[in-house]
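Residue-level listing of the chains:
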Amino acid sequence: MLNPWKGRRSEDGETVAGPDVDKSVDTDQHVPSNPDEEAEGEAGDEDARMRLENELEKLKDRHLRLAAEFENFRKRTRKELAEARTIAQADLLHEVLPTLDDLARVADTPHESTTVEALDEGIELILGNLGKKLEDAGLVRIDALGKPFDPEFHQGILTVEVDDSELDETVSRVFVEGYTFLGRLVRPAQVEVRRFVMESKSEPESEPESEPDSEPESEPESEPDSEPDSEPESEPETEDQPE
C-alpha cells in the first residue's frame, strides 16, 4: 500500500515520514462500556451463580434420599430372605418330625416284648421313609460306586492297584455316601480309587555258560551180591516118649 506522506518535505525542508500505514492496528483493545451495562452483566452472573447453587443443593438432597432408600431396600430384602430361609427350614423339619417320633417309639420298645429281627425291620422302614422325605425336599445321593472318579463330587481316601487299564481312575469302594441338595454339593463321597499299574515282567538273567567239565570216570558196576546161603533147616527135636 502506497504512503501518500512518504517523500514529502515540510516548509522547513525536512522530510515528513507520515503515519506508518504498514503497522497493524490492534482492534481487540478493550473499549470501556457503559457503567449501567456492566452492572447489569454482573447482576446476571450473580443470578446464574445462584441458580447453579440451588440446582446443586437439589441434586445433593436427591442423592441423599436415593442413598437412604437404597439402604432401606437392602435391609428389607435381607430381612425377607432370612424369613424365607426360616420358613423353608421349618417346613423341612415339619416333614422330618414324624420320623423322629418313630425312632423314639422304637427306642422305648421293651426288649422282652420284641425280637432283634422286628427291630431291624422297623429301623429299615424308618430310614426308608426318612430318605423318601429328604429326596422329595431335593436331597440326592451321589452314585459313586464303579463310576469314574470325579474330584468335584468324590473325595479319594485310599487307592488300590489293578492290572486292568479299563478300571483305571474308577471308584472301587464307598466309605461315606455323598449328597447334593437342589444341585448344590452338600458333602462329597469318600471313596477308594483304582489305579492302573502295568506289571513289569523282568526277564531272568542268563547265567554265563560254563565249559562242560570232563566226563567223570565211570565207576565199575558193582556185581550183585550173591544170595545169602540159606540156613539149613533144623530137624525137629523128637520128644522122649515115656516108657
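Since the structure is predicted, the reported quantities are computational estimates derived from the model, not experimental observations. (Residues numbered from 1 in each chain as written. Predicted model: local features only at pLDDT ≥ 70, side-chain atom pairs only at ≥ 80, totals over all residues. Heavy atoms only, no water.)

1. Details of the sheet that holds strand β5 (residues 171-176)
Consider a sheet: its strands pair through backbone hydrogen bonds, and that pairing is either parallel or antiparallel. Pairing is mixed in the open sheet, where three strands are placed in the order β4-β8-β5. Two strands bound the open sheet, and with one partner strand each, they are β4 (154-162) and β5. Recorded for the sheet is a direction-independent mean angle of 25° between the axes of neighbouring strands. As paired strands, β5 and strand β8 (residues 189-196) are joined by four bridges and run antiparallel to one another. Residue pairing across strands places valine 174 opposite valine 191, the latter belonging to β8. (Pairing = 2+ DSSP bridges. Helix = DSSP H or I, 4+ residues; strand = E, 2+ residues; numbered from the N terminus. Axes fitted to C-alpha atoms, helices over the stretch in contact; angles between N-to-C directions.)

2. Here we look at the side chain of arginine 194
Mapped onto the secondary structure, arginine 194 falls in strand β8. Despite its burial, arginine 194 remains without a salt bridge, the nearest opposite charge being carried by glutamate 192 at 7.0 Å. Reaching out from arginine 194, the side chain makes a polar contact with the backbone oxygen of valine 171 at a distance of 3.4 Å. Apart from residues no more than four positions distant in its own chain, arginine 194 is found in contact with Val160, Val162, Leu167, Asp168, Glu169, Thr170, Val171 and Ser172. (Buried < 20%, exposed > 50% of the residue type's maximum accessible area, 1.4 Å probe, protein only. Lys, Arg positive; Asp, Glu negative; His and termini not counted. Salt bridge = Lys/Arg side-chain N within 4 Å of Asp/Glu carboxyl O. Polar contact = N/O pair within 3.5 Å; in protein donor to acceptor, adjacent residues only side chain to side chain. Contact = heavy atoms within 4.5 Å.)

3. Things to note about the pattern of salt bridges
Two side chains that carry opposite charge are able to pair once their charged atoms sit near each other. Counting across every chain of the model gives 10 salt bridges. A salt bridge links aspartate 61 to arginine 65; the nearest nitrogen and oxygen atoms lie 2.9 Å apart. Taken together, the residues span about one helical turn, with aspartate 61 and arginine 65 both in helix α1 (residues 35-108) at a distance of four residues. Of the residues examined, aspartate 61 reaches a relative accessible area of 37% and is grouped as partly exposed. The partner of arginine 173 in a salt bridge is glutamate 192, and the shortest N-O contact between them spans 3.4 Å. With arginine 173 in strand β5 and glutamate 192 in strand β8, this residue pair connects regions lying 19 residues apart in the sequence. Overall, arginine 173 belongs to the partly exposed group, its relative accessible area being 41%. You can call glutamate 192 buried: its relative accessible area is 13%. If you follow the salt bridges from partner to partner, you end up with Glu46, Arg49 and Glu53 in one network.

4. Section: the confidence of the model for the protein chain
On average, residues of the protein chain score 78 in pLDDT, and 65% of them are at 70 or above. Counting interchain partners and residues more than four positions distant, the pLDDT-below-50 stretch residues 236-243 has zero contacts. (pLDDT = per-residue confidence, 0-100.)

5. Quick notes on the sheet that holds strand β6 (residues 179-181)
Spatial ordering of the open sheet is given by β3-β6-β7, a layout of three strands whose pairing is antiparallel. Each end of this open sheet is capped by a strand with a single partner; those strands are β3 (139-141) and β7 (184-187). The mean angle between the axes of side-by-side strands here comes to 35°, regardless of whether they run parallel or antiparallel.

6. Re the layout of surface pockets
Of the volumes computed, that of the largest pocket is approximately 230 Å³. What lines the largest pocket is Ala88, Gln89, Leu92, Glu95, Lys133, Asp136, Ala137, Phe181 and Leu182. Elements with a contribution of two residues or more to the lining of the largest pocket: α1 and α2 (116-137). Partitioning the lining of the largest pocket into residue classes produces five nonpolar, one polar and three charged. (1 Å grid on protein atoms, 1.4 Å probe; cavity = no way out; pocket = protein on both sides within 12 Å on 5 of 7 lines; lining within 4 Å. Points joined across faces, edges and corners; volume = space filled by probe spheres on them. Nonpolar A, V, L, I, M, F, W, Y, C, P; charged D, E, K, R; others polar.)

7. Examining the nonpolar core
Counting five residues, the largest nonpolar core is built from Ala144, Val171, Ala189, Val191 and Val193. Sequence-distant contacts of alanine 144, defined by excluding residues within four places in its chain, comprise His154, Val171, Val174, Ala189 and Val191. (Core = buried A, V, L, I, M, F, W, Y, C linked by side-chain atoms within 4.5 Å.)

8. Some thoughts on unusual backbone geometry
Glycine aside, residues mostly have negative phi angles, and peptide bonds mostly take the trans form. The phi dihedral of glutamate 169 falls on the positive side, at around 60°, and the residue is not glycine. Tracing the backbone through its elements, the reader meets glutamate 169 in the loop between β4 and β5. Phi at leucine 182 takes a positive value of approximately 55°, unusual for a residue other than glycine. Position of leucine 182 relative to the elements: it lies in the loop between β6 and β7.

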